[in-house]
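Residue-level structural notes
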Amino acid sequence: MPSDHPSEDLTLHRFGRSGQSAPTLLLMHGLADSGRCWPDAVRRWKKAYRVLAWDARGHGESERFTKGELAAGVGETMYADAVDLLETLAAEGISRPILVGHSMGGGTAAAVGWHRPDLVTALVLEDPALGARDDYAKGSVPKEQAKERVAGDQDIRHKPKRALKRQKREAPSWPSSEYAPWLDAKLETDTRMLAEPVITVATPRLKVASKISVPTLVVTGARAEVVRGEYFTALRDLENPCLSFEVVKKAGHCVRRDRADGFHAVVDPWLEAQFRL
């Protein structure tokens, strides 16, 4: 049953350094991934950082969504979970980590960077789903995407070996360590959540980006779908001084998997600068 402290419902994977003085990264995965879907990044970061990776609600080993939490909004519930987790970590002496969020997780991290900047040092947003599209905010939410998500989930569960083989064929540049956790996470995802039309916070995405008040690196790929084209230009045009941008060549939505070396070439020096390592 859900507890009064949402962080108690969540599984947190811990890697790397320990001790209160260790600089900390909190990794926030995308939709239908899990905290174990960062093996290559963890390998690179664990010597320099304490690396924490959550299973967001409805993912991995964490609690499923209740009807009330779904009604409150997937994105809003995950934001509340993140705040509670960060406050719990601070009480343990692990304060103000850098949040590294991919897609949906990037949207959760961005919401924290807006509403609770006191809880974080900085953000890295990998092709983030920052919030609702403008047409969603006007009440026109297409449900076809939700149907496609559910259908894709059912296809993977029906023939997981075929799905894994297809993923390796379609994403040949991924580090080999990434494929098995990708499949495991798909099989662990809460299907009821996938059926929700909106899985981000309900606030329009450009408003979320304009309100972030901590140093934030937005990393996208030249072939990415979430942040590109006119939307990417609009993000730059916000002229929020907290935001900086990098585009990794030949990468798609999963930048760190598609072009791991390119991703870390821009992200790792930036992390070091934020922590002054």
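Above this text you will find the structure in question.
The structure presented is a predicted model; accordingly, all values stated were derived computationally and were not measured.

**Some words on the pattern of salt bridges**
What the rule picks out here adds up to 18 salt bridges. Here Arg-116 ties to Asp-118 by a salt bridge, and the two come within 2.8 Å at their closest N and O atoms. One salt bridge connects Asp-190 with Arg-192, and the closest N-O pair in it is separated by 3.5 Å. Taking relative accessible area as the criterion, Asp-190 reaches 6% and is therefore assigned buried. One connected set of salt bridges, linked through shared partners, spans Asp-9, Arg-57, Glu-69 and Asp-81.

**A closer look at unusual backbone geometry**
The bulk of non-glycine residues show a negative phi, and the bulk of peptide bonds are trans. Unusually for a residue other than glycine, Ser-103 sits at a positive phi of about 55°. Relative to the assigned elements, Ser-103 resides in the loop between strand S4 (98-102) and helix H4 (104-115).

**Quick notes on helix H11 (residues 229-237)**
Of the positions making up H11, those classed as buried are Tyr-231, Phe-232 and Leu-235. End-on, the buried residues of H11 take up no more than an arc of 100°, which puts them together on one face. Counted as exposed and oriented over 90 degrees from the buried face of H11: Gly-229, Glu-230 and Asp-237. Directly after H11, the chain includes Glu-239, whose backbone phi takes a positive value near 55°.

Definitions and cut-offs
- Residues numbered from 1 in each chain as written.
- Predicted model: local features only at pLDDT ≥ 70, side-chain atom pairs only at ≥ 80, totals over all residues.
- Heavy atoms only, no water.
- Salt bridge = Lys/Arg side-chain N within 4 Å of Asp/Glu carboxyl O.
- Buried < 20%, exposed > 50% of the residue type's maximum accessible area, 1.4 Å probe, protein only.
- Helix = DSSP H or I, 4+ residues; strand = E, 2+ residues; numbered from the N terminus.
- Arc of directions from axis to C-beta.

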